[in-house]
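Analysis of the macromolecular model
Listed below, chain by chain, are the residues.
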Amino acid sequence: MADLMEWTCKVIDLAEYADDAVDVQARAFGLADDEIAVRQRIMRRHGGFAGARSLGAFDADGTLVGFAYGYPNLKDQWWSLVIEPELARGGHRSWLDDSFVVGELHVLPRWQGHGIGRTLITVLCRGQECSRVLLSALDDQTPARRLYRGLGFVDLARPVLFPGNNRPYTVMGAYLPFG
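Remember, it's a predicted structure, so these values are computed and weren't measured experimentally. (Residues numbered from 1 in each chain as written. Predicted model: local features only at pLDDT ≥ 70, side-chain atom pairs only at ≥ 80, totals over all residues. Heavy atoms only, no water.)

1. Things to note about the environment of Phe 29
Looking at the secondary structure, you find Phe 29 in helix α1 (residues 14–30). Its relative accessible area of 19% is what places Phe 29 among the buried residues. For the pair Phe 29 and His 106, spaced 77 residues apart in the sequence, the C-alpha separation amounts to 7.4 Å. Dropping the residues within four chain positions of it, Phe 29 is found in contact with His 106, Leu 138, Arg 167 and Tyr 169. (Helix = DSSP H or I, 4+ residues; strand = E, 2+ residues; numbered from the N terminus. Buried < 20%, exposed > 50% of the residue type's maximum accessible area, 1.4 Å probe, protein only. Contact = heavy atoms within 4.5 Å.)

Here's what the structure looks like:
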C-alpha cells in the first residue's frame, strides 16, 4: 500500500472520471445505491458546463482518492433555483451573481486530514473570473465546514432542504481569491 502522504492533484475530465468520482463520493458521503447512477449523470452534465473545472487527487498508485469540480453559477440550474428563495430570505440573493459554484468536493475518509480537500478547493477556485464562490454543505459541525470557514466562507442560508433529501444543508459563500 502507498504511503498516505503521497498524493498528487491534477486536472481531470469529469465525464471520464465520473464513475470513480461517484465511488469516492459514495464512500466519503454515504450515497445509497439508487443515488449512484443519478450522481454519475449529474456529474457528466456538469462537467460540460461552460467554465467547468474538475480536479482529482491521486495516490501514488494512481487511484482517485478525492475530487472537486465547479462551474460559474447558472441561475437556471436546479441548485440555484432551490437556493434562490433561501438566499433571498436572508438578504443574500445577490450571491447568485458573479459566483463560482463548487458542485462537489469529497475525499475518501482515510485520506482526510492530509490537506487534500484544502488543496482541491483552493486550486479549483484559483484564477476564477468570478468574485465569489458558493457551495452547500451538511448543516452540521463537520470537518468540511471547518475547512470552509478557515478559507473565509460564511453561512448565507440555513437550513436548506433539497428536494429528495431529508438532510439539512447550509449554503456558504466566500470572496475570491481566498484570503
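So that's the structure; there's more coming.
2. Digging into the nonpolar core
Counting 59 residues, the largest nonpolar core has Ile 121, Val 133, Tyr 148, Phe 153 and Phe 178 as its most contacted members. Examining the composition of this core, we find that eight residues originate from one element, α1, more than from any other. Other than its neighbours up to four places away in sequence, Tyr 148 contacts Leu 105, Ile 121, Leu 135, Ala 137, Phe 153 and Met 172. (Core = buried A, V, L, I, M, F, W, Y, C linked by side-chain atoms within 4.5 Å.)

3. Here's the deal with the packing of α1 against helix α2 (residues 33–47)
Where α1 contacts α2, the two axes come as close as 9 Å, and the packing angle between them is 135°. As summarised for this structure, α1 and α2 are arranged oblique, according to the angle between their axes. Crossing of α1 against α2: the hand is right-handed. Seen from α1, the contacting residues are Leu 14, Ala 15, Ala 18, Asp 19, Ala 21, Val 22, Gln 25, Ala 26 and Gly 30; seen from α2, they are Glu 35, Ile 36, Arg 39, Gln 40, Met 43, Arg 44 and Gly 47. (Axes fitted to C-alpha atoms, helices over the stretch in contact; angles between N-to-C directions. Parallel < 35°, antiparallel > 145°, perpendicular 65-115°, else oblique. Left-handed = near helix turned anticlockwise from the far one by under 90°.)

4. Overview of the sheet that holds strand β3 (residues 64–72)
Spatially, β1-β2-β3-β4-β5-β7-β6 is the arrangement adopted by the seven strands of the open sheet, whose pairing is mixed. At either end of the open sheet lies a strand with only one pairing partner, and these are β1 (7–11) and β6 (154–160). Within this sheet the neighbouring strands show an average axis-to-axis angle of 20°, counted without direction. (Pairing = 2+ DSSP bridges.)

5. Topic: the layout of surface pockets
Size it by volume and the largest pocket reaches roughly 1,300 Å³. For the largest pocket, the lining is made up of 47 residues, of which Phe 29, Glu 104, Leu 105, His 106 and Ser 136 are closest to its centre. At eight residues, the largest contribution of residues to the lining of the largest pocket is made by α2. Grouping the amino acids of the lining of the largest pocket by side-chain chemistry returns 25 nonpolar, 15 polar and seven charged. (1 Å grid on protein atoms, 1.4 Å probe; cavity = no way out; pocket = protein on both sides within 12 Å on 5 of 7 lines; lining within 4 Å. Points joined across faces, edges and corners; volume = space filled by probe spheres on them. Nonpolar A, V, L, I, M, F, W, Y, C, P; charged D, E, K, R; others polar.)

6. Quick word on the side chain of Asp 139
Positionally, Asp 139 belongs in the loop between β5 (132–138) and α5 (143–150). For Asp 139, a relative accessible area of 19% puts it in the buried group. At a separation of 3.5 Å, a polar atom in the side chain of Asp 139 contacts the side chain of Arg 145. Beyond its immediate sequence surroundings of up to four residues, Asp 139 is in contact with Arg 145, Arg 158, Pro 159, Pro 168, Tyr 169 and Thr 170. (Polar contact = N/O pair within 3.5 Å; in protein donor to acceptor, adjacent residues only side chain to side chain.)

7. Considerations on the packing of aromatic side chains
Applying the stated criterion to the full structure yields seven aromatic pairs. Relative to Phe 58, the ring of Tyr 17 lies with its centre 5.6 Å away and its plane at 70°, an arrangement referred to as edge-to-face. Taken together, the residues Tyr 17 in helix α1 and Phe 58 in strand β2 (residues 53–59) connect sequence positions 41 residues apart. The two residues Tyr 17 and Phe 58 agree in class, both being buried. Judged by centre distance (5.8 Å) and plane angle (45°), the ring pair of Phe 153 and Phe 178 falls under tilted. Pair noted here: Phe 153 is in the loop between α5 and β6 and Phe 178 is in the segment after β7 (169–175), with a separation of 25 residues, a long-range link. When its relative accessible area of 3% is taken as the criterion, Phe 153 is described as buried. Assessed through its relative accessible area of 18%, Phe 178 is described here as buried. The structure contains a cluster of three or more aromatic residues connected by ring pairs, namely Trp 78, Phe 162 and Tyr 169. (Phe/Tyr/Trp six-rings, centres within 6.5 Å; stacked < 30°, edge-to-face > 60°.)

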